[in-house]
Amino acid sequence: MQIENSTFPILETDRLILRKVTEVDASSVLKYMSDNEVVKHIGLEPFNTVVDAMDEITWYQTIFEQGTGIRWGITLKENNEVIGSCGFLNRVPKHFRTEIGTELSKEYWGQGIASEAFEAVIKYGFENFKLQRIEALIDPENIASQKLVEKQGFIKEGLLRNYEFTCGKFDDLYMYSLLKQDFDLNESQSNE
C-alpha cells in the first residue's frame, strides 16, 4: 500500500471525520480500549495504562510508514475526540488485497457510526489503493461485526479453524471478503 505523498489522508462523511491518531489521543484510546466489551472479539486484552494506548498508536504509525496498513481515528464532526478506529492491515500489495478492522467505544454502538466509517474506508481503499479484495476476519460470536460487513456487501467464505492464538487461546475466525466488482455493483445500484 504505497502512500503516494506520505501525507495522512483525512476522510469526511456526513457525521464523521476520520483522521490520524496521535499521542495526544492516548487517553481517548485508553478510554474505549480498556472496555472488555470493546476488545473481547478482537484478540486483545483490555488496556490498563496510557502506555498500552501509546503502543497501539505507535503500531498505527508503523503500519502507515511501512505501507502495510492505515488506521484512522473515528471522530464526530462536533467533537475531535477519538471514539474508535477503522482501517486496513496486513496488506499484500502483489495480490491487491488487505484486511479491514474496526472498533468503537461502546457508548456509540447502535448509531450507525461504525457502518459510516467502514463505508468511507472501503471506498477509499478501492479508489485510492486500487485494491481488488478486502478481507474481514471475524470472531463467530461477534454478531454485530458480521452484520456490519454483510451490510457493506461482504460475503462469508468460510470458517478458519484455530486461525489465531490470542489471549491464551486458539480462535476460530470467519473469513469475509468484498471484491472490487461487488463494491462497484453496490455503488452503482445505490446511486440509481
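Residues numbered from 1 in each chain as written. Predicted model: local features only at pLDDT ≥ 70, side-chain atom pairs only at ≥ 80, totals over all residues. Heavy atoms only, no water.

Asker: Run through the sheet that holds strand S2 (residues 16-19), naming residues and quoting values.
Answerer: If you trace the eight strands from one edge of the open sheet to the other, you get S1-S2-S3-S4-S5-S6-S8-S7, paired in mixed fashion. The two strands at the open ends of the sheet, each matched to only one other strand, are strand S1 (11-12) and strand S7 (155-166). Direction of pairing for strand S3 (residues 70-76) relative to strand S4 (residues 79-92): antiparallel, over a ladder of seven bridges. When the bridges of S4 are listed, Ile74 appears paired with Gly84. (Pairing = 2+ DSSP bridges. Helix = DSSP H or I, 4+ residues; strand = E, 2+ residues; numbered from the N terminus.)

Asker: A description of the side chain of Thr102 should follow, citing residues and the corresponding values.
Answerer: Residue placement: Thr102 occurs in strand S5 (residues 97-104). Here Ser85 takes part through its backbone oxygen, which lies 2.8 Å from a polar atom of the side chain of Thr102. For Thr102, the residues in contact, after removing those within four places along its chain, are Ile42, Arg71, Ile74, Ser85, Cys86, Phe118 and Leu148. (Polar contact = N/O pair within 3.5 Å; in protein donor to acceptor, adjacent residues only side chain to side chain. Contact = heavy atoms within 4.5 Å.)

Asker: Give a description of helix H1 (residues 26-33) that names residues and reports values.
Answerer: The buried fraction of H1 is high, at six of eight residues. Among all positions of H1, only Ala26, Ser28, Val29, Leu30, Tyr32 and Met33 are buried. (Buried < 20%, exposed > 50% of the residue type's maximum accessible area, 1.4 Å probe, protein only.)

Asker: A description of the packing of helix H4 (residues 113-128) against helix H5 (residues 143-151) should follow, citing residues and the corresponding values.
Answerer: Interhelical geometry of H4 versus H5 gives an angle of 45° and a closest axis separation of 10 Å. Considering their axes alone, H4 and H5 lie oblique with respect to each other. The handedness of the crossing between H4 and H5 is right-handed. Where H4 abuts H5, its residues Ala114, Ser115 and Phe118 lie against Leu148, Val149 and Lys151. Residue classes in the contact of H4 with H5 are distributed as four nonpolar, one polar and one charged. (Axes fitted to C-alpha atoms, helices over the stretch in contact; angles between N-to-C directions. Parallel < 35°, antiparallel > 145°, perpendicular 65-115°, else oblique. Left-handed = near helix turned anticlockwise from the far one by under 90°. Nonpolar A, V, L, I, M, F, W, Y, C, P; charged D, E, K, R; others polar.)

Asker: Which residues make up the pattern of salt bridges, and what are the values?
Answerer: Applying the stated criterion across every chain yields a total of 13 salt bridges. Between Lys40 and Glu37 there is a salt bridge; the shortest N-O distance is 3.6 Å. Take Glu37: its relative accessible area is 32%, and that puts it in the partly exposed class. Close ionic contact of Arg71 with Glu103 constitutes a salt bridge, the shortest N to O distance being 2.8 Å. Placement of Arg71 in strand S3 and of Glu103 in strand S5 is noted, with a sequence separation of 32 residues between them. There is no split in this pair, since Arg71 and Glu103 are both buried. One salt-bridge network, in which partners are shared between bridges, spans Arg97, Arg133, Glu135 and Glu157. (Salt bridge = Lys/Arg side-chain N within 4 Å of Asp/Glu carboxyl O.)

Asker: So what about unusual backbone geometry? Which residues, and what values?
Answerer: Not every positive phi belongs to a glycine, and Asn162 is a case in point at roughly 50°. Residue placement: Asn162 occurs in strand S7. Given a relative accessible area of 48%, Asn162 falls into the partly exposed group. In this model, Cys167 sits at a positive phi of 55°, which is unusual for a non-glycine residue. You can see Cys167 is positioned in the loop between S7 and strand S8 (169-179).

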